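Survey of secondary and tertiary structure
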There are 4 protein chains.
Amino acid sequence: MTELRLADMACPLDARYYGADPAFFARLRPYVSEDAFIRCQLQVELALAEILTEYGVAPTHFADEVARAGGSIEVRHVYEEEERIGHVVRALVNCIRERIDEPLRPFVHLFATSNDITDTATALRLKALTRDVLLPDLQVLQDALIRLARLHAHTVQIGRTHGKYAEPITFGYFLANYVARIGNRIDAIEAARRNLRGKFSGAVGAYNALRLKFRDAPAIESALLRKLGLEAVDAHVSTQVVHPEYVTDLVHALVSTFSVLANLADDVRHLHRSEIDETQEIYDEARVGSSTMPHKLNPKNFEFVKSMWKEFMPRMMTVYMDQITEHQRDLTNSASSRFVTEFMTAFAYSVVRLTSAVKNLGVQERSMRRNFDEASAETLAEPLYILLSLQGHPDGHGHARRLMRKSRETGAPLMDLIRAEESLRPYLERLTPDQRRALEHAENYTGLSAERTEIVCDQFEAAGRQLLDRLDAERREQERPRQKLQGA
Amino acid sequence: MTELRLADMACPLDARYYGADPAFFARLRPYVSEDAFIRCQLQVELALAEILTEYGVAPTHFADEVARAGGSIEVRHVYEEEERIGHVVRALVNCIRERIDEPLRPFVHLFATSNDITDTATALRLKALTRDVLLPDLQVLQDALIRLARLHAHTVQIGRTHGKYAEPITFGYFLANYVARIGNRIDAIEAARRNLRGKFSGAVGAYNALRLKFRDAPAIESALLRKLGLEAVDAHVSTQVVHPEYVTDLVHALVSTFSVLANLADDVRHLHRSEIDETQEIYDEARVGSSTMPHKLNPKNFEFVKSMWKEFMPRMMTVYMDQITEHQRDLTNSASSRFVTEFMTAFAYSVVRLTSAVKNLGVQERSMRRNFDEASAETLAEPLYILLSLQGHPDGHGHARRLMRKSRETGAPLMDLIRAEESLRPYLERLTPDQRRALEHAENYTGLSAERTEIVCDQFEAAGRQLLDRLDAERREQERPRQKLQGA
Amino acid sequence: MTELRLADMACPLDARYYGADPAFFARLRPYVSEDAFIRCQLQVELALAEILTEYGVAPTHFADEVARAGGSIEVRHVYEEEERIGHVVRALVNCIRERIDEPLRPFVHLFATSNDITDTATALRLKALTRDVLLPDLQVLQDALIRLARLHAHTVQIGRTHGKYAEPITFGYFLANYVARIGNRIDAIEAARRNLRGKFSGAVGAYNALRLKFRDAPAIESALLRKLGLEAVDAHVSTQVVHPEYVTDLVHALVSTFSVLANLADDVRHLHRSEIDETQEIYDEARVGSSTMPHKLNPKNFEFVKSMWKEFMPRMMTVYMDQITEHQRDLTNSASSRFVTEFMTAFAYSVVRLTSAVKNLGVQERSMRRNFDEASAETLAEPLYILLSLQGHPDGHGHARRLMRKSRETGAPLMDLIRAEESLRPYLERLTPDQRRALEHAENYTGLSAERTEIVCDQFEAAGRQLLDRLDAERREQERPRQKLQGA
Amino acid sequence: MTELRLADMACPLDARYYGADPAFFARLRPYVSEDAFIRCQLQVELALAEILTEYGVAPTHFADEVARAGGSIEVRHVYEEEERIGHVVRALVNCIRERIDEPLRPFVHLFATSNDITDTATALRLKALTRDVLLPDLQVLQDALIRLARLHAHTVQIGRTHGKYAEPITFGYFLANYVARIGNRIDAIEAARRNLRGKFSGAVGAYNALRLKFRDAPAIESALLRKLGLEAVDAHVSTQVVHPEYVTDLVHALVSTFSVLANLADDVRHLHRSEIDETQEIYDEARVGSSTMPHKLNPKNFEFVKSMWKEFMPRMMTVYMDQITEHQRDLTNSASSRFVTEFMTAFAYSVVRLTSAVKNLGVQERSMRRNFDEASAETLAEPLYILLSLQGHPDGHGHARRLMRKSRETGAPLMDLIRAEESLRPYLERLTPDQRRALEHAENYTGLSAERTEIVCDQFEAAGRQLLDRLDAERREQERPRQKLQGA
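Residues numbered from 1 in each chain as written. Chains lettered and ligands numbered in written order. Predicted model: local features only at pLDDT ≥ 70, side-chain atom pairs only at ≥ 80, totals over all residues. Heavy atoms only, no water.

Before going further, it helps to examine the overall build of chain A. In terms of regular secondary structure, chain A is built from 22 helices and seven strands. A compact globule built from 488 residues should have a C-alpha radius of gyration of about 23 Å, whereas chain A, at 30 Å, is more than 25% larger. Projecting the C-alpha coordinates of chain A onto the three principal axes gives extents of approximately 105 × 55 × 40 Å. Long-range pairs, those at least 24 residues apart, make up 76% of the contacts in chain A between residues at least 6 apart in sequence. (Helix = DSSP H or I, 4+ residues; strand = E, 2+ residues; numbered from the N terminus. Rg over C-alpha atoms; globule rule 2.2 N^0.38 Å. Contact = heavy atoms within 4.5 Å.)

And the structure:
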C-alpha cells in the first residue's frame, strides 16, 4: 500500500475534514478505517475459533493460536493477499492460516461463509462507533444547547412564522425545542444501535454447513454472537445476509437527526442576517470573512452543517436500494454498503463543528430586544382577539384585524387604538390583572416559554446522563474481546 | 366543486389505481380524501369544544352545538369559503360559526392556531389509516406468505447468490425470510404509528393563548388530545408544528417496508424467467400477455409493485426536507406534507396487488426440481470442503475447488471423482451417516430450511393475531368520538 | 367508470390544485389525462393505418375507417375492454377492430408491439404538453420578471451574501439574474423537447415483424413517425422501448428549472421577512393570514412553490431508476413512467402560481432604501480596498479591515475615518471623479447593475418572442393529424 | 499536513478504489485532488495577473512574478495559512504575495472576489477532467463494446421482455443498443462540458469592483476567461456565483450515463445466471469466488458497477439542492459542491472496471444457442400472427394464441400444429420464400439485428474518433497556460 498525502485524496471528507483534523481523526480511525473493519473481522474469526474450541471441534489451543496470529496481522498483509486471490475475506483467512501450525489450519473459518464474518463485523463496528463517538458527541452538543437554553430561558425573542413576526417566546424556548428534538433522536439512534444483529448461518442462511455437525445450529450462532455482544437475526432466519432493515433503521435514525441539526443550522444562519442580527459566530482577530469585502463576518460553521446535510442526506436512497438483494443475495450492495461508515464519519464531523459553533455563539441581546419591540405593536392582536372572545365578543378576530390594519396605516400604537375604542371597554374591564398585563406588554405574553425551557432542560439532561452511563458500561464490557486480540 | 371523470385526473394513482378499483376506493376514501381530512379537523374542533365546555369557558350546550353543526358541514362548504378568504382552517371555523347561535360563536376555535387543528388532525388520520388499512392489509399479505411457506416447507430449491447456484434451501425457507422481514417491519410501523402526536400549544408553541386562561396549559392540551386517542409532543415543547420526527419515522417504517415488498417482487419476477421457470402468475383464459406476441405470460403484478416502489420510495427525501422548518415554522412544508397520504395510498394499493399476486402464484415444482438437480453437482463442493476440514484435512477448500474444476471440465459427476480419489478415503470413512447422506444427495443438505420455516411461520402468525386484536380494540374505542360528530 | 368528487381523490394535486382550478384544468386536461393518453395512442394507430394504406398493405379505405372508428372511442370503452382482457393497448386495438368492417380488422395494429404505440404516444404528448403549456407559461413568468426588472433597473438594493450585507446592486439586477437563469432553462427544455423520439421497431426492437414485409424497415418507421412530427431513436436501434435517455433529459431540464423557481421563491420569501420587508405579496381585503394571529400577511404563494419543489424534485430519482430496464425491457417502469405527466402538471401549476405571485408582488422601496442605507456604512470597505490597491497601497485589504472594525466599535462613519487618516490622503487624491463618487455614496457603487439589467431583459425578451413563434408554427402544423381523428 | 496510510481513510473510494489502484490514481490525481484544485486557482490568479499587466494596471513584470511565485507554492503552504486565517482563497493570495516583491503585492487578486477564483477554477478542472479522463475512458469502453458487437453481429440470441422469451435478436444487436445509448450520452456529456462557464464579476456579480477601473467590465472578464479556454456566464449576469445550471447539466449528463452503465451491468449479470449462462466473467486460476463454496464464479465486476451506481446516483439530489443559493449567494453549497469531483472519480473508476469486465467477458455461445432453441418453439407465434394478418386472416392473433397454447399443453412443435391446421393452408401458400423461412426457423426471424449492428458500430466508431481528435486538440492548446505556471 502506498503512502500518500491527504491533499491527494479524491474525497473532500478525507482530504479536508476527517483527515485534516488530527483530534477527530484519532477518535474516528479505530472505527471507520479499513484497518478497523479488518480488525472487527478478526474479532469474529476469533469468536468462531473460541466456539470451535469450546465445543471440541478444534484442539484446545486453537483459539489462543488464532488470537496470537490475529494480533500480528496488518491490513496490508490482507490486501496483498487479496490482490493475489481477488477475495478479501478468504485473504484474511489465509493470513491467519499461514501464521498458525498446519494441523490447526483446517479449523480457521470453518462453517463460515464470508458474509457471516463481514455482516457480523459490520454490526460490531457500527454499534461501537455509535456508542463511543456518535452518541457521546451528540450529548456534548445537547449539553451545550442546554447550557445556552438555561442562560436565555427568560431572554425575550419574537417568534417568527413564515419569516414574519408571530408571537413572543424566549430565546431559551427556541433552543429548548432543539433540546427536545435532539433528545428524541438520541433515543431513536440508541434503539436502532442496540438492535443491530449478526449472523452465522452460512452461504444461504439455512445453517447448511453448521448443521453438518450441530443439531441445534441456531444455539451455536447465538453463543458465538454473544461473545461479541450481539444477537442473531429475528427468528434465526436469513439469507446469506443479515436482513438489511437493522442497518437501514440506524441510518434513518442518523439521517433524521442530521435534518434536525440542519434545521438548527438554518435557524441560526437566519438569525445572523444583517437585518435580524440576533446571533453572531465569534471569530478571532486573524480571521478573514471575504477576500474582497473586508467587513464580512459570516455564519460559516452553520452554513457548513447545512451543506453537509445536503451532501449526505440523499444517501438514504442508497440504503433503501440496498434493501433489495436478489434471492439469497447478490453483490450489488457490496461497494455501496461500505459507504455507511463514511456517512457516519461525515455526520460525526458535522456534530463536532456544530457543537463548536454553538459554544462560540454570540447572542446579541440588544438586537433581539430591538426586534421584539418592533414586533410587539403587532403581536398584541392575538391576545386581544383571544381575550375579547373569552369575554364573548361576537367577532374578536375580525375586530382585532381591523384595529391592526388601522394601526398599520395610521402608525398609531395598537394599545392606543384599543383604549380609544369605546365598544371594547366592557370586555377589557373584566380582564384579570394577568390578562391585562399580557395585553399591555408583549414580554408578558411569552406563555410558558421560560418555565418549559427549564423543565425540558432538566428532563433531557438527566436522560443524557443515564444514557452515557449505560454506554460506558457496555463499552467497558466489550473491550475485553478486543484486548484479547490485541494482547495476543 | 366540479364533478369529474376519473379519466380526467392528472395523477395515475387516482385515475388508474385508487380510483379505478371500487373496493379499494371505498376502503381508503374515509382516510385519504380531502373530505376525510376536513372531517378529522372537525373532530379536533369538537374535542376543543368539549374541553371549553367542561372547563366552563363556554356555555354547557356549546359542544353539542358544535357536534351538530359539524355533522352538516361538507367539504364543498369549506372550499367555497376558502375560495373567498384564502385560508382553509379559518374557512372551516367560519362554517361552524355560521351554523351555531351567535353567542356561541366566539368560542369556536378559541385558543387554537390553525396548525393545532391540522397537525392534530393529521396525526389522527395517519394513525387510523395505518391501523384500519395498512397494518391489517400487510397482515393479509403476511398470512398468504405463511400459507405458501408452510405448503412448501420441504420443497427443495437451489439457493442462489450472485444469481449463481449456491447451496440448497427449500422454497418455504425462501418465503420464510420474507415472513420474518415483513413481520419485523410490521412491528416498526406499529411502533411509529402509536408514537404519532398532536399539539395544542398555539401559534409559536409556547401556549401563549392558552396560558391567558389556564396556568397548567399542558394539562389542558393533554386532556384535549386524550379525547382523540393521542398524546402531546415529548416534554410539551414545540414550535407552531408538531416536531416532524414522529411522522418522519412512520414514513420511514413504510418506505423500508416497501423495499421489502419490492425485494419480494423482484425475487419472484426472476423466478418467472423463462430459463428458471419456478413460478408463474396464474392468468385466466381471456388475458392477453402481449399485443403482438401471442405466447407471452408476464409477471406483471410483481413488476407493478417494483415500479410503484421506484415511484414512491424517493418521496422519503421530501419528508426529510420537510423536517426543516424555519424558526417557529415556515409554510414550505404545507403542500408537500399533504402528499403523505397519497404515498400511503400507493403503498396500500401495492400491498393489495402483491397479496393477490402471491395468492395466485403458481409454483412450478417440476422446474424447481430440475434446476435443483442441475445445481446439485456443484453444490456438493461446500459440504465436501467442510467435512474434509472437520476431519482435519489440511486443505479442504483447495481440494474441493480442484475436484470441482475437474468435474466441470470432464463432465464427470463430483461424487464419482470424490470416490475415485484415494487420498480422501480416510476422511470420508469417518463421516457419520447423516454427514454421508448430505454429501450424497443435495436434498439432504438443506440445513434447517424446513424446521425453521415452521418455527418462523408459527411465531409470526401468532404475533399477527395479537396485533390485529389490539388494533381492533383501539379502532372500536376510537369510533365513539367519530360517531358523535356524524350522529349529531 | 364511476363519477367522483374531487374531494374524494387521494392525490392532493388532483383534489386541491389541478382539479380545483377550472382554467388550469381545462388547459392541462387535453394533455395529461388518461383520456389524452388514449387519444395520442389512437393518433399513432391512425398513422400506422395510413402507412399501411399508402404502402398497399391494407385496402385504400382502411385509414379513413380507422380515423372514423377512433373518433368514436372513449376512454371508458377502452377501460372496459382492459378490465376483461387485462392489457390496455390490446383493449384499444379491440375497440378499433369492432368498429370497422371485418375484412379490415387484420390490419389494425399490424406489425406493432404495444410499446411502439405507447412510447410513441408518450413522446407525442410530452412534446405537445411542453410546447403548448409549459414553455408558453414559463415565458409568461419570464415576461412578468422582465417587466419588474426593467421597472426596478435603478432601484438600489443591498446585495447579500451569507445573509449578510455585501455590496450594492439594484433590485432589477437581482431579478435579471432570474431572467437569465430561466431563459437558459427554457432553452434546455426546448432542446430536450425537440429531441423526444418515437419508435416502430417491434417487440425486441430489431424490426422483426416489419422486416417480414419491408426490406428497409427503418424507412417505414421514419415515414410513420414523420406523420406525428417525430423522429426515430438515434441510429434506428432500440429494444422494445425508446431509449429512456430522451425523456430523462426532458425531466432533468424541468427539474433543474424547478430548482431555479424554488430559488426565486426562497429569495422573495426572505425579502418578505419582517425585519427585511423589501417585498410583500399583495392580498385583497377579505384574505386571512392566520386563524389566530389577525396581523399576519404571509408570502404563501412563494412558500407554495418551494413546497412543491420539495415534493417533486426527488422524482428525478425515479426517472434515473427507470433508465434501467432488463434486456429487451422489463415492465418495472410501466406504472412509474405514467407519473411523468403528473410531475409536469405539478410543475405547470407551480409556474402559474409563481407568475401570479410575481405579478402581485409589492416592492417596498422605502424598506429597500432603509436597508441599503444601513448597509452602506460597511460596504464602502470593498471600494476602499480596491482603490487603495489600485494606487499601489501595500496593504489595502488589511487597512480597510482595520478602519471597518474601528467604525463598528466607535460608531464613527467609515468615510469620516477615511478622511481622518493622514496616511491615506496621497492615495485618495489620485482618484478619478467617478472613483471618488463610488467611495462617497454606496449608490454610486452598484457596478453595472442597471445597464446589464436592460441588456439582459432585451436579450431574453427577443429570444422569448422567437421561441413562441416557432412553437406556435409547430402547433398549427401538428393540429392537422389530430383533427383528422376528431373530425372523423 | 500528516502523512497517512490509505487504510486510514474514511471514504472507501479513497481507501479501496481510487487510492488502491496506482495507475488510476496517477491519472486522476492531477484533476481531483485538493492539490489540483489549488493549482487551478493559481492558474486563474495568473490569468488575472496577465490581464492586469496587459491593461497597464500592474507593472510589466507582475505576471511573470506571479507565475514564478505560483510555481513554488504547494498545497500545504496554503493550508497552513488557511489554518491561521480561516479563509482558503485569501490564504492562497497571501502565499503569492509573500513570494513576490512588496510593490507588486497590491495587485495580486485585485478586483477579484474569492468565488471568481474558485468557480472559474472549478469550471477549469471539471472541463479538463472530463476532456482528459472521463470522455476518453468512455470511448475505450465504447470501443470494447463495438468490437464485441461486431464479433457477435450474427450470434443469435433470444430477446427477453419481462424476463420471458420474446423474439429473436443477435447478441451483437443487444450490445449495439448500448453502443448507441453510450454514444448518445457521450454527446450529452461533451455538450455540457463545453458549456461550463467561469466568471469575474465580483462579490455580488455586478462588476462593482472592476467597474471602478474599466467601463466595459464584461469585456475584461471575457479576455481573462479566454486565457483559460472558458466563456462567461450567459448574458454576463450573475450573483457571486456562476449560475449553478452549467455544472448541474454536466452532473446530470454523467448520472444518466451512469444509469446506462448500470443497465448494461445488470443485463450482463442476469446473463450470468446459472440457468441462463450466456456470459461468464473470465477469472484467472488463483481467484476465489467464495470463502465457503469452492465452485462459485461470480459476475462481481458487473455487480460492482451497479453498486457504485446505487451509491452515487442519488447525489444528483445534492446538486439540485445546491442550485438554490440565497440572494447573492449563501455558503451552504460550499462543502457539498466539493464532492462533485469525488462523484466524477467514482464514475471514472466504474467506467474502468466495466471496461475491463467487458474485455474479459466470455460469451457462452453454446448456452446462447441452447436457450435460443428452447425459445424458438414459442417465438414463432408472432410471425405466424403477422403473416396470417398480412394475408387478411380475420383473427391471426387469436389463432396464433390458441395454437401456442395447444403446443404448450401437448408438447407438439408449433410448426407441426400449423401444418396440420387445414384452415391455415391458404394463407401459408401465399407466403414469399423469405416469409416462409422466417416461420420455419427462428434464426431467420432476427429482423435487422445483424445489419443494424454493423451500421451502429460504424457510426459510433467514427463519431468517437472525431471526438477524441477534438479533445486532443483542445488539451494541447490548454496545456500552455499550465506549463507557464509550472515552468515558472
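Superposing chain B onto chain C takes a rotation of 180 degrees combined with a translation of 0.0 Å along the rotation axis, leaving an RMSD of 0.1 Å. With respect to symmetry, the two chain copies, as superposed, fit the operation of a two-fold axis. Taken as a fraction of all interface residues of chain B, those also at the interface in chain C reach 100%, which identifies the copy contact as same-surface. (Least-squares fit on C-alpha atoms with pLDDT ≥ 70 in both.)

Here we come to the interface of chain B and chain C. Every contact between the two is made by 82 residues of chain B and, on the other side, 82 residues of chain C. Both faces considered, chain B and chain C share a buried interface measuring about 7,200 Å² in area, 55% of it formed by carbon and sulfur atoms. Inspection of the region where chain B meets chain C yields 16 salt bridges. Arg273(C) is paired through a salt bridge with Glu326(B); the nearest N and O atoms lie 3.0 Å apart. Our count for the chain B to chain C interface comes out at 38 residue pairs in polar contact (both at pLDDT 80 or more). A total of 10 residues in the side of chain B that touches chain C trace back to one element, the largest contributor, which is helix 12 (residues 300–312) of chain B. Among the residues forming the side of chain B that touches chain C, the class breakdown is 35 nonpolar, 21 polar and 26 charged. (Buried area = accessible area lost by both parts, 1.4 Å probe. Salt bridge = Lys/Arg side-chain N within 4 Å of Asp/Glu carboxyl O. Polar contact = N/O pair within 3.5 Å; in protein donor to acceptor, adjacent residues only side chain to side chain. Nonpolar A, V, L, I, M, F, W, Y, C, P; charged D, E, K, R; others polar.)

Taken together, the contacts link 104 residues of chain B with 104 residues of chain A. Both sides of the chain B and chain A interface together cover about 8,500 Å² of buried area, and 61% of this is carbon and sulfur. On the chain B side of the contact with chain A, Leu212(B), Tyr320(B) and His327(B) bury the most area, a combined 9% of that side's loss. Run the count over chain B and chain A and you get four salt bridges.

Counted under the stated rule, the structure contains 56 aromatic pairs over all chains. Here the aromatic rings of Phe258(B) and Phe347(B) are separated by 5.4 Å at their centres, their planes lie at 80 degrees, and the arrangement is edge-to-face. With Phe258(B) in helix 11 (residues 245–272) and Phe347(B) in helix 15 (residues 340–359), this residue pair connects regions lying 89 residues apart in the sequence. The burial state of Phe258(B) is the same as that of Phe347(B); both residues are buried. Measuring from centroid to centroid gives 5.7 Å for Phe174(C) and Tyr178(C), while their planes differ by 75 degrees, and the two rings are edge-to-face. Placement of the pair is Phe174(C) and Tyr178(C) together in helix 8 (residues 171–194), with a separation of four residues, close to one helical turn. (Phe/Tyr/Trp six-rings, centres within 6.5 Å; stacked < 30°, edge-to-face > 60°. Buried < 20%, exposed > 50% of the residue type's maximum accessible area, 1.4 Å probe, protein only.)

Residues and elements named next belong to chain B. One can describe the packing of helix 3 (residues 34–54) onto helix 4 (residues 62–71) by two numbers: an axis separation of 8 Å at closest approach and a directional angle of 165 degrees. In terms of orientation, helix 3 and helix 4 fall into the roughly antiparallel class. Handedness of the helix 3/helix 4 crossing: right-handed. In this structure, helix 3 contributes Arg39, Leu42, Leu46, Ala49, Glu50, Leu52 and Thr53 to the contact, and helix 4 contributes Phe62, Ala63, Val66, Ala67 and Gly70. Tallied by class, the residues present in the contact of helix 3 with helix 4 amount to eight nonpolar, two polar and two charged. (Axes fitted to C-alpha atoms, helices over the stretch in contact; angles between N-to-C directions. Parallel < 35°, antiparallel > 145°, perpendicular 65-115°, else oblique. Left-handed = near helix turned anticlockwise from the far one by under 90°.)

Okay, the pattern of salt bridges next. A complete count under the given rule lists 176 salt bridges over all chains for this structure. A salt bridge links Arg193(B) to Glu190(B), with the nearest nitrogen and oxygen atoms 2.8 Å apart. One end of the pair is Arg193(B) and the other is Glu190(B), both in helix 8 (residues 171–194) and three residues apart, which spans about a single turn. In this structure, Arg193(B) and Glu190(B) share a single accessibility class: buried. For Arg197(C), the salt bridge identified is with Asp234(C), shortest N-O distance 3.4 Å. In this pair, Arg197(C) sits in strand 4 (residues 197–198) while Asp234(C) sits in the loop between strand 5 (231–232) and helix 11 (245–272), placing the two residues 37 residues apart along the sequence.

Attention now moves to the packing of helix 3 (residues 34–54) of chain D against helix 6 (residues 88–97) of chain D. All names here are of chain D. Taken N-terminus to C-terminus, the directions of helix 3 and helix 6 make an angle of 65 degrees; their axes are 11 Å apart at the nearest point. Between helix 3 and helix 6 lies a crossing of right-handed hand. In contact with Ile38, Gln41, Leu42 and Glu45 of helix 3, helix 6 contributes Val89, Leu92, Val93 and Ile96. Residue composition of the contact of helix 3 with helix 6, grouped by class: six nonpolar, one polar and one charged.

Let us look at the pairing of strand 2 (residues 156–161) of chain C. All names here are of chain C. When you tally the buried positions in strand 2, you get six out of six residues, the bulk of the element. Bridge analysis of strand 2 against strand 3 (residues 164–170) gives five bridges, and the strand direction is antiparallel. Bridge pairing in strand 3 places glutamine 157 opposite isoleucine 169. (Pairing = 2+ DSSP bridges.)

So, on to helix 11 (residues 245–272) of chain A. In a regular helix each residue adds 1.5 Å, so 28 residues correspond to 40 Å; helix 11 of chain A covers 40 Å between its end C-alpha atoms and thus fits that length. Of all the 28 residues making up helix 11 of chain A, 27 are buried; the element is thus mostly covered by neighbouring parts of the structure. (Expected span 1.5 Å × (residues − 1).)

What follows covers the domain arrangement of chain A. All names here are of chain A. As assigned here, chain A comprises domain 1 (23–110), domain 2 (117–369) and domain 3 (381–444). Here the C-alpha centroids of domain 1 and domain 2 sit 31 Å apart. The partner domain 2 presents 26 residues to the 25 residues of domain 1 that form the contact. Carbon and sulfur atoms supply 75% of the area buried between domain 1 and domain 2, which totals about 2,300 Å² over both sides. (Domains from an automatic or database assignment.)

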